[in-house]
Every structure is written in structure tokens, then in C-alpha cells.
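Chain residues, written in single-letter form:
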Amino acid sequence: MEDKIKKFLINNIVPIFMIIIILLSIPVSGLSLNYIIQEIILRLSRNLFLVLSLLIPIIAGMGLNFGIVLGAMAGQIALIFITDWQVVGLQGLLLGMILSLPLGAFMGYIGGVVLNRAKGKEMITSMILGFFINGVYQLVVLYGMGKLIPITDTSILLSRGYGVRNAIDLKNIRRALDDAVVLKLGDYSIPVLTIIAVVLFCMFIVWFRKTKLGQDMRAIGQDIEVSRAAGINADKTRIIAIVISTILAAIGQIIFLQNIGTMNTYNSHEQIGMFSIAALLIGGATVSKATIPNALSGVILFHAMFILAPRAGKELIGSAQIGEYFRVFISYGIIALVLIMHQWRRDKEKASQRKKALENQSRQGEGN
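Keep in mind the model is a prediction, meaning the values are calculated, not measured.

**Overview of the side chain of N259**
So, step 1. As for its placement among the helices and strands, N259 is situated in helix α11 (residues 234-260).
So, step 2. Residue N259 is classed as buried on the basis of its relative accessible area of 6%.
So, step 3. At 2.6 Å, the side chain of N259 forms a polar contact with the side chain of R46.
So, step 4. Within the structure, the side chain of N259 is placed 2.6 Å from the side chain of D178, a separation counted as a polar contact.

The following block contains the structure:
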């Protein structure tokens with residue numbers, strides 16, 4: 001019984017720690033429960049799609065895909081075009097998603113090819129790749145658009161006549177998905193179409209895991225050499241996993257930005273990888289295993305902290321900025337903690353396997 005409790009605590013130390021912090025912060029913040037619940041509903045619909053886009057590479061054994069920022073950049077390029085073309089409402093949103101598909105697939109293919117060259121180091125490689133492609137993205141948007149790539153709407157260009165402004169008002173598609181169908185339940189407003197999109201995505205993941213491609217990814221995630229011996233094209237399958245993740249991240253970023261209503265052209269995509277991964281890990285996921293409930297609970301816990309931390313910091317110390325610092329500290333600290341625990345578990349498993357091998361050898365020696 002004690003071993004089970006100990007194992008449960010070790011496996012769920014991160015969500016337990018977050019629940020304790022949130023419960024302590026609620027009375028300190030002074031925020032009403034209705035306000036907190038409404039904010040969580042809003043943030044859940046805004047962020048969950050992005051977090052779910054991380055699951056498929058984990059199935060394929062590629063760890064946490066920091067490269068979803070490539071998909072976010074593809075989504076933002078699509079939004080620049082639909083803003084320039086003045087396509088409004090749900091039509092503009094849908095067109096943006098369609099435009100992001102080939103861009104996201106292309107960037108995902110680049111990411112998949114690079115990560116196949118860095119097996120076992122996918123997470124750090126995807127992070128560095130994100131920094132590199134960010135440089136290319138900024139070069140294209142800052143110098144190419146309006147000069148090499150035609151942009152007719154001068155209001156989104158810099159005064160020199162080329163290069164996109166730092167901030168773009170997405171008034172044409174602001175909350176186009178969220179406000180299309182709104183369900184009122186008492187004091188709460190629920191964005192129905194956004195929730196439906198997330199539910200359909202969850203159903204896709206459940207279905208995808210049962211397909212041959214999904215089973216191949218699971219086999220590769222468990223043992224890449226055995227899967228190769230079974231005739232699975234591991235490299236191709238891993239590229240497909242990253243392409244799917246990147247495309248979904250592009251759609252997720254569009255859903256995120258239509259909710260915000262403003263796009264920071266050069267910065268909106270930079271933190272989504274870190275914050276999405278932190279949310280997933282806070283929900284109890286690991287580098288090698290993540291589920292839809294992990295994503296759901298992680299977004300709730302992570303964004304409950306986002307809501308409470310600044311207000312709690314202001315009430316306790318008189319500065320909301322303290323809460324912001326704490327929030328960032330938790331985000332990076334959780335990722336570091338989970339990576340350390342993952343390596344600790346792997347070392348422990350290897351030590352256990354070596355011990356069993358030695359015991360088997362000694363038994364065979366005694367038998368002879």
C-alpha cells in the first residue's frame with residue numbers, strides 16, 4: 001500500500017504541487033469563484049487546441065515538440081494575408097486555416113527531416129530549429145512583404161512601404177469563432193463552436209491512435225529498432241508525426257489569435273511552445289507519455305495560476321509584477337523538473353534491468 005502511495009505521489013507530484021499553490025492563492029487573490037471559472041473557460045477554449053497538437057509526436061517517441069512554433073509562424077503568415085485581403089468573419093478564419101495547411105506542412109517537413117538527423121535529442125533540436133526558422137520568418141515578414149511579396153493594404157505595412165508592422169489589428173476575424181455561437185449558462189458564456197472544434201480534435205486523436213499509422217507511431221515510440229525490423233519506415237513515420245503536429249499548431253495559433261484580436265507579428269509565436277509544453281506537463285504528462293486528460297487538466301491548472309498569480313502577488317506584496325515573475329518561474333521550473341524526473345526514471349529502469357540481467361547470469365552459472 002505504501003509503495004502504491006509513493007508511486008502515485010512521484011507520478012503526480014507536479015499536478016499535486018500546482019493544486020496546492022492554486023488553493024492557497026484563491027483566498028489571497030480575492031477574486032470571485034465565478035470570475036475564475038469564466039476566465040478558465042475562456043482560456044481553455046483559447047489554448048487547448050495548441051496543447052493537444054503536442055500529443056502526436058509524443059506517441060511517436062519524439063518527446064515534447066518545441067517546434068510547434070513553426071506551425072504558429074505558418075498560422076501568422078496566413079493571418080497577414082487574410083488581413084491584407086480584407087476577408088472577414090468565419091470565412092476569413094476558415095481561409096486563414098486553409099492557407100496555413102501547406103505552410104504548416106512545409107515547415108513540418110523541414111522539422112521532421114532535421115529531427116531524423118538528431119534521434120534521441122529531438123526536444124533540444126526542435127527548440128533550436130524554432131529559433132532558426134524564427135530568423136527566416138522575421139526576414140520574410142520584415143523585408144520581403146511589401147517588397148517581394150505584394151501587400152496592398154498599406155495600413156499593415158511600415159511607413160517605409162515594406163515590412164509588416166509590429167502589431168496587426170485582427171478586427172476582421174476578432175472572436176469570429178468564439179462569438180459565432182455562444183451558450184449562456186447562468187453567469188457563464190461558453191463559445192460553442194470553439195469547444196466543438198476542440199472536441200473534434202480530441203476525437204481525431206482517439207481515432208488516429210487506432211489507425212495503422214497511429215499503431216506504427218506507437219511501435220516506433222516503444223522501440224525504433226524493433227519497429228524497423230517489423231518493416232515500418234521509421235523515418236517517414238516520424239516526419240509525418242511532426243508534419244501533423246505542425247499543421248495542427250498552425251490552426252491552434254489562428255484559434256488563439258482570433259480570441260485575442262491582435263497579433264504581435266514578431267513575438268506572438270515565441271512563447272507558445274514553452275507555455276503549451278508547461279501546461280501539458282503540469283497536467284501530469286511526461287516526455288514519453290501524454291493523454292487528452294493530461295492536456296485538459298494541465299490547461300486548467302496552468303491558466304488558473306495565470307489568473308491568480310498576478311492578483312495574489314499584488315495583494316501580498318503590492319506588486320502584480322511579482323506574480324508575473326512567479327508565473328514564468330513556474331513555467332520553466334516545471335519543464336526542468338519533469339525532464340530531471342524523466343532522466344531519473346530512465347536511469348532507475350536501466351539499473352533495474354542491469355540488476356535482473358546479472359541475477360539471471362548468476363542463476364545460469366549456478367545451474368551449470
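Once the structure has been displayed, the description carries forward.
**Let's talk about helix α2 (residues 13-29)**
So, step 1. Compared with an ideal rise of 1.5 Å per residue, which puts 17 residues at 24 Å, α2 spans 24 Å between its outermost C-alpha atoms and is within 8% of the ideal.
So, step 2. When we look at burial in α2, the residues that qualify are V14, P15, M18, I21, I22, S25 and S29. Buried residues in α2, looked at end-on, bunch into an arc of 125°, giving them a common side. Opposite the buried face of α2, at more than 90 degrees from it, the exposed residues are L23, L24 and P27.
So, step 3. G30 occupies a position one or two residues after α2 and carries a positive phi of about 80°.

**Some remarks on the packing of helix α3 (residues 33-52) against helix α8 (residues 192-210)**
Helix-helix packing: each pair is described by the crossing angle between the helix axes and the interaxial distance.
So, step 1. Here α3 crosses α8 at 20°, and the two axes come no closer than 9 Å. Here α3 lies roughly parallel to α8, going by the angle between them. The chirality of how α3 crosses α8 is left-handed. For the pair α3 and α8, contact is made by S45, L48, F49 and L52 and by T194, I195, A197, V198, F201, C202 and I205, respectively.
So, step 2. Residues that form the contact of α3 with α8 fall into these classes: nine nonpolar, two polar and no charged.

**With respect to unusual backbone geometry**
A negative phi angle characterises most non-glycine residues, just as the trans form characterises most peptide bonds.
So, step 1. Even without glycine at this site, Q86 takes up a positive phi of about 60°.
So, step 2. Assignment of secondary structure puts Q86 in the loop between α5 (68-85) and α6 (89-116).
So, step 3. Although it is not a glycine, R175 sits at a positive phi angle of roughly 55°.
So, step 4. Secondary-structure assignment places R175 in the loop between β1 (167-169) and β2 (182-185).
So, step 5. Judged by relative accessible area, R175 falls into the partly exposed class, the value being 26%.

**Some thoughts on the pairing of strand β3 (residues 188-191)**
The two faces of a sheet get side chains in turn, since along a regular strand they alternate between them.
So, step 1. Relative to β3, β2 is paired through four bridges, and the arrangement is antiparallel. Its bridge partner being in β3, V182 is matched across the sheet by P191.
So, step 2. Counting the residues between successive antiparallel strands, the hairpin from β2 to β3 contains two residues, one of them, G186, with a positive phi of roughly 65°.

**Concerning the packing of aromatic side chains**
So, step 1. A full pass over the atoms with the stated rule returns eight aromatic pairs.
So, step 2. Here the aromatic rings of F201 and F204 are separated by 6.5 Å at their centres, their planes lie at 35°, and the arrangement is tilted. With F201 and F204 both in helix α8 and three residues apart, this pair spans about one turn of that helix.
So, step 3. A relative accessible area of 29% means that F204 is categorised as partly exposed.
So, step 4. Their ring planes at 40° and their centres at 5.9 Å tell us that F204 and W207 sit as a pair that is tilted. One end of the pair, F204, and the other, W207, are both in helix α8, three residues apart, so they sit about a helical turn from each other.
So, step 5. Counting every residue linked through ring pairs, the aromatic cluster contains F49, F201, F204, W207 and F208.
So, step 6. Geometry around Y162 places K147 over its ring, the cationic atom sitting 4.3 Å from the centre.

**What about the side chain of S53?**
So, step 1. Within the secondary structure, S53 sits in the loop between α3 and α4 (55-59).
So, step 2. Looking at S53, its side chain comes within polar contact range of the main-chain oxygen of L50, at 2.5 Å.
So, step 3. Those residues in contact with S53 that lie beyond four places of it in its chain are I68, F201, S245, L248 and A249.

**Observations concerning the pattern of salt bridges**
So, step 1. In total, this model carries nine salt bridges according to the counting rule given.
So, step 2. Ionic pairing is found between R43 and E39, a salt bridge with its closest N-O pair at 3.6 Å. In this pair, R43 and E39 both sit in helix α3, four residues apart, roughly one turn of the helix. Take R43 and E39: they sit in the same class, and that class is buried.
So, step 3. Note that E225 and R228 form a salt bridge whose closest N and O atoms lie 3.4 Å from each other. Taken together, the residues span about one helical turn, with E225 and R228 both in helix α10 (residues 224-229) at a distance of three residues.

Thresholds applied
- Residues numbered from 1 in each chain as written.
- Predicted model: local features only at pLDDT ≥ 70, side-chain atom pairs only at ≥ 80, totals over all residues.
- Heavy atoms only, no water.
- Helix = DSSP H or I, 4+ residues; strand = E, 2+ residues; numbered from the N terminus.
- Buried < 20%, exposed > 50% of the residue type's maximum accessible area, 1.4 Å probe, protein only.
- Polar contact = N/O pair within 3.5 Å; in protein donor to acceptor, adjacent residues only side chain to side chain.
- Expected span 1.5 Å × (residues − 1).
- Arc of directions from axis to C-beta.
- Axes fitted to C-alpha atoms, helices over the stretch in contact; angles between N-to-C directions.
- Parallel < 35°, antiparallel > 145°, perpendicular 65-115°, else oblique.
- Left-handed = near helix turned anticlockwise from the far one by under 90°.
- Contact = heavy atoms within 4.5 Å.
- Nonpolar A, V, L, I, M, F, W, Y, C, P; charged D, E, K, R; others polar.
- Pairing = 2+ DSSP bridges.
- Phe/Tyr/Trp six-rings, centres within 6.5 Å; stacked < 30°, edge-to-face > 60°.
- Lys NZ or Arg CZ within 6 Å of the ring centre and 35° of its normal.
- Salt bridge = Lys/Arg side-chain N within 4 Å of Asp/Glu carboxyl O.

Purely spatial values, then, with no claim about function.
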